[in-house]
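Tertiary structure, described
So you can see what is in the structure, the chains are spelled out below.
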Amino acid sequence: MLKGGSRDTGMLLMERSVPGRAGVVTPPLDVPEQPLPDAAILRDDLALPEVSEPEVVQYFTALSQQNFSIDTHFYPLGSCTMKYNPKINDEIAFLPGFAAIHPLQPPDQSQGALELLHTLQEYLGEITGMSGVSLATLAGAHGELAGVLMMRAYHHAQGDLGRTKMAIPDSAHGTNPASAAMAGFDVVTLPSDKDGNVDLEALHELSGPDLAGVMITLPSTLGLFDQNIVEVCRIVHEAGGLVYGDGANMNALLGRTKLGDLGFDVIHLNLHKTFSTPHGGGGPGAGPVCCAPTLEPFLAAPIVTSSGNGAGPSYSLSTPEQSIGKMSGYHGNFGVLVRAYTYIRTLGDAGIKSISGNAVLNANYIMQALKDIYYLPYDRTCMHEVVLSADWQRPRGVSGLDVAKRLLDYGFHAPTMYFPLIVHEALMIEPTESENRYTLDAFIEALRQINRESEDDPDMVHHAPHTTPVSRLDEAGAARHPDLRWRPSV
Amino acid sequence: MTTAHFQSHYIPNTELEQSEMLATLGLTTIDQLFHDIPDEFRNPALNLPEPLSELEIQRELAGLASKNRALGSGPSFLGAGSYHHFIPAIVKALMTRGEFLTAYTPYQPEVSQGTLQVIYEFQTLISSLFGMEVANAGMYDGATSLAEGVLMACRVTNRERVAVSDTVSPAYLQVTRTYCQAHGIDIEVVRHWEPKVGDDTACLVVQYPNFYGGLEDLGDFAQLAHGHGALLVVSTDPTACGMLNPPGHYSADIVTGEGQPLGIPTSYGGPYLGLFTCKEQYIRQMPSRLVGRTVDSQGRNGYVLTLQTREQHIRRERATSNICTNEALYALASTIYLAAMGRQGLKQVAELCYHKAHYAASQIEALPGYSLPFQRGPFFQEFVVQCPAPPAEINRKLMERNILGGLDITVPPYSDPLPPDLDKGMLLCVTEMNSKQDIDALVAGLAEFN
Amino acid sequence: MSPEDRKYTREHEWAKVEDADAKLVSVGITHFAQDELGDIVYFDLPNVGENVSYMQKMGEVESVKAVSDLFSPVTGRIESVNNELVDHPELVNDDPFDSGWIMRVVLEDLGELDTLMSASEYDEYTGAS
């Protein structure tokens, strides 16, 4: 018997199923019954569960309680910007005038939606210093793909077919090389210098007539503002290349600088990071693409345009003249865009700037409080996140993974581990602006305590976590013999 | 109120606390933290509106929302890939729980078993619904799922020609072209009644029910594709799979679909949910995340992300896709929906759609001036009507009666190419949300033209 | 200490003569390599009958969170591959020099092996000696 009966999560839906139970009552058919098609195409094997409504609610509620989340736990996952997700944003997105409108209903019946999108395009262009914005891409990597396809289309439009190389720093997120490859580019690695900036000498060597461009994350995944960034853009432009900006870390720069001013040609934003829309356990996100005037004709379709007349502006969807094409079925992740719009309206100019300021302050506060006991590979002011290392704990038999897992026992989500790849035993901590000082102090104290444990009882740390619903899982077994769905036992 | 001292209610630390924290760093102002930004580019003017209170936000956005016609405000017959279905209250109630809503991708399995087990359930239900061996954790939407399915078929077969039936959604075809543009893949649109497949074809791509609602013979397509060593890729509708044999029944190799009908609001086109399934033998070429069941160090069942070496964070430029963030929250929504609907409920919804659509079609066909030239074979919940007047004009008149009509397929991209007997074609969709009264109102509205 | 009955590459593969008359050599990865990889979960292996070339990619090995290319230490035609690895890739973790062999190759020229490292050279190379 399971503890708590059917509220225990030990049984899967198909194991809970009892013939005859139903979770909904459907309305009766109110039109005359119509002839069915040939019985040969009708199905008789639909294996879905039969459970009642209370059972569904109990099961999923119990499941939810097995998660850490921002609402329940500090979640300092580096490069993921796990900030507070305002509830008003969700409420607005669920208004019937937003949630229950059809993507293909005529523009005169969706002017409110189009106006919101048009204004959001303007806000994002203003924040990034870019002139063109397309909201059509559905996640960060989706925006990257659109952005690098635009770079390809731009070079091709110049008759320049020989630019086949995309240079990407060794510290980059994996989506960068994957997106470049999906856009047909050969990826070449750009090393970082001793300060964590792009190695300018290496960049010079790569900057030839076959260089399509570079993909730069700013601040970098080391949590550092690249002090060479203006020079990087200049070198690439001089060689005829373009500079792509991965906006995953824009939370550090809101209102502090504009990527367009620095020399970036095209960037994407992660609205589900910087602009507070919820991650939902892995999505949905939105990855709008913002670009300089030279690349505007290539933006993904559709974009929202306005035309003035006596009765005020009217808004419509349009396709840029040399567009790379449609990236998704409709016009983007509208529900996410509504949330981001609401967030920007709530903050205004002053609020936007206080986001980056407090995010960077919180990260530096943590760095300062821990750098005496955790190795800090780049000892300079960090941006919104700090990359520490468990290199000093390693000789005691405690790895970065162990430290991260032990944090779970203290009620904190783990930092990002083993990334960026160029830092051994990396622990990448991003506190965000929405955590108070008390939580930061408690987190710092937990990491100091774990360091003491790594001396006194390394074996205990090595086997952490000890208090979570499950302990460390057999990932090798899962990959060797994949069990990817429930099957009836024979 | 001056914005200089504006303190957002999303930021807890007060100015005093901020000063104390700065002091630990030997600093006095936050601005000093940004000294790495070159002076000439630091603190640019930012032209954004003043901050609003929550009360003001509610007013302003309710105003914008009211400028849109919501589907529930009158009879609506628009489909074409985005469908108005009933969503039980528990879907929103459960999916908006903070523990689900505000969690990240489940990289730490010990504290993410909720999300992981939900995805395992999702994979179980979707593979079952489509009659396929393996489902992944989801893609962005139906269109990108299909495009990734085509790229995967090219990898599996090591071929670069793709045959797409002319009854596949024009929007899905556009997205597939976008995704394939840099890979030298030759996409050919073939006639659905005699699709051309050769020995160098990677895959035949069809839609079931097709974009125009029709049900073509998937068995024939499978035989044709497999006879040439090509894969059959099918984009399908999960609601239809509640009553019809799913594509897996006909040996399809990759089956994708739009998950929006499974408890997700139409929301002006997103966020939706890409469904993606395939035969087990192709699993290492699959894009996106997979969750597997395993055991913990004490032998208890648990769930983890698995086969991650396919993915971008490990294989980088050689990954099966660049996808990272997907639509996990809506995979949750669809899992709750399918759990609630269950075996009987989903079948009943599919049958309601079927009978109501066929009732509407028979009533419209009986009107003078209207015909159903496209529906020679069986169809599900959508059908094309050849109208006596341009569809845009008819839709305007219908809207005067507060009826949202069908999709005008005489405009691009739907009109490319359009058979001559559909030069006034309108694609209508009828679901369980349309009462007999709604349908009769539509028929009465249409009867004005003849 | 690596076994002395075989030769080694800088990419951590080994080659061992099984039958000198038939020029048949078995190929695998070293203890050092499996230890670096961690729990091995999958091998992507070439097909029997295909040709492999010295230091050209012959397949891939995957652990839970890494993928590595496998390079052939020899030139020749593949006579057999170790099908046990399909269901039990962990054999290579447990027994890399024996039951965890990867493939057997018929060489064009056994003399090719002379260019590879001896066990003591390899151990020195990996710092194991």
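As shown above, the structure is provided for reference.
Along each chain, the written sequence defines residue order, and numbers are assigned to residues from 1. Following the order in which they are written, the chains are lettered starting with A and the ligands numbered starting with 1. Residues qualify for local features only when their pLDDT is at least 70, as the model is predicted, and side-chain atom pairs are given and counted only at 80 or more; totals for whole chains, interfaces and linings, by contrast, use all residues. Only hydrogens and water are removed before side-chain values are computed, so all heavy atoms of the structure are retained for them.

As for unusual backbone geometry
A cis amide bond links Ala-464 of chain A to the next residue, Pro-465 of chain A, at an omega of 5°. Each helix is a run of DSSP H or I of at least 4 residues and each strand a run of E of at least 2, with the numbering of both proceeding from the N terminus. Mapped onto the fold, Pro-465 of chain A is located in the loop between α14 (458-462) and α15 (475-480). The peptide bond linking Tyr-208 of chain B to Pro-209 of chain B adopts the cis configuration, its omega dihedral lying at -10°. Of note, Ser-79 of chain A is a non-glycine position whose phi angle comes to about 70°, a positive value. Relative accessibility under 20% of the residue-type maximum defines a buried residue, over 50% an exposed one, and the middle range a partly exposed one, all with a 1.4 Å probe and only protein chains included. Given the relative accessible area of 10%, Ser-79 of chain A is considered buried. One non-glycine residue, Met-55 of chain C, lies in the positive phi region at around 65°.

Describing the side chain of Asp-141 of chain B
Mapped onto the secondary structure, Asp-141 of chain B falls in the loop between β1 (134-135) and α6 (142-157). For Asp-141 of chain B, which is buried and forms no salt bridge, the nearest opposite charge comes from Lys-326 of chain A, at a distance of 7.9 Å. Of the polar contacts made by the side chain of Asp-141 of chain B, one reaches the backbone nitrogen of Gly-329 of chain A; its length is 2.8 Å. Residues count as neighbours in contact if any of their non-hydrogen atoms are within 4.5 Å of one another. Discounting chain neighbours no more than four positions away, the residues touching Asp-141 of chain B are Leu-138, Ser-328 and Gly-329 of chain A together with Glu-258, Tyr-272, Leu-273 and Gly-274 of chain B. Counting rule for charge: Lys and Arg are taken as positive, Asp and Glu as negative, and neither His nor the chain ends is counted. Salt bridges are identified by distance alone: a Lys or Arg side-chain nitrogen within 4 Å of an Asp or Glu carboxyl oxygen. Throughout this description, a polar contact denotes any pair of N or O atoms lying within 3.5 Å of each other; where both atoms belong to protein, one of them has to be capable of donating a hydrogen while the other can accept it, and for residues adjacent in sequence the pair is counted only when both atoms sit in side chains.

So, the interface of chain C and chain A
Each side of the interface is counted separately: chain C has nine residues, and chain A has five residues. Note on definitions: buried area is the accessible-area loss of two parts on being combined, 1.4 Å probe, summed for both. The junction of chain C with chain A conceals about 550 Å² of combined surface from both sides, 55% of it contributed by carbon and sulfur atoms. A per-residue breakdown of the area chain C buries against chain A is headed by Val-41, Val-64 and Glu-90 of chain C, which together make up 58% of the total. Taken together, the connections running from chain C to chain A amount to two salt bridges. Measuring nitrogen to oxygen at the nearest pair gives 3.7 Å for the salt bridge that ties Glu-90 of chain C to Arg-480 of chain A. Where chain C touches chain A, the interface holds two residue pairs in polar contact (both at pLDDT 80 or more). As a working rule, the residues Ala, Val, Leu, Ile, Met, Phe, Trp, Tyr, Cys and Pro are called nonpolar, Asp, Glu, Lys and Arg charged, and the rest polar, with Gly in that last group. The class makeup of the residues in the side of chain C that touches chain A is four nonpolar, one polar and four charged.

Observations regarding the packing of α6 of chain B against helix α7 (residues 170-180) of chain B
All names here are of chain B. Contact geometry for α6 and α7: axes closest at 8 Å, N-to-C directions at 50°. The orientation of α6 relative to α7 falls into the category oblique. By crossing handedness, the relation of α6 to α7 is classed as right-handed. Of the residues in α7, those touching α6 at Gly-142, Ala-143, Thr-144, Leu-146, Ala-147, Glu-148, Val-150 and Leu-151 are Tyr-172, Val-175, Thr-176, Tyr-179 and Cys-180. Of the residues belonging to the contact of α6 with α7, the class tally is nine nonpolar, three polar and one charged. Angles run from 0 to 180 degrees between N-to-C directions of axes, and those axes are lines fitted to C-alpha atoms, restricted for helices to the stretch in contact. Every angle not falling under 35 degrees, over 145, or within 65 to 115 is termed oblique; those three ranges are roughly parallel, roughly antiparallel and roughly perpendicular. Helix crossings are classified by the rotation of the near helix relative to the far one: an anticlockwise turn of less than a right angle makes the crossing left-handed, while a clockwise turn makes it right-handed.

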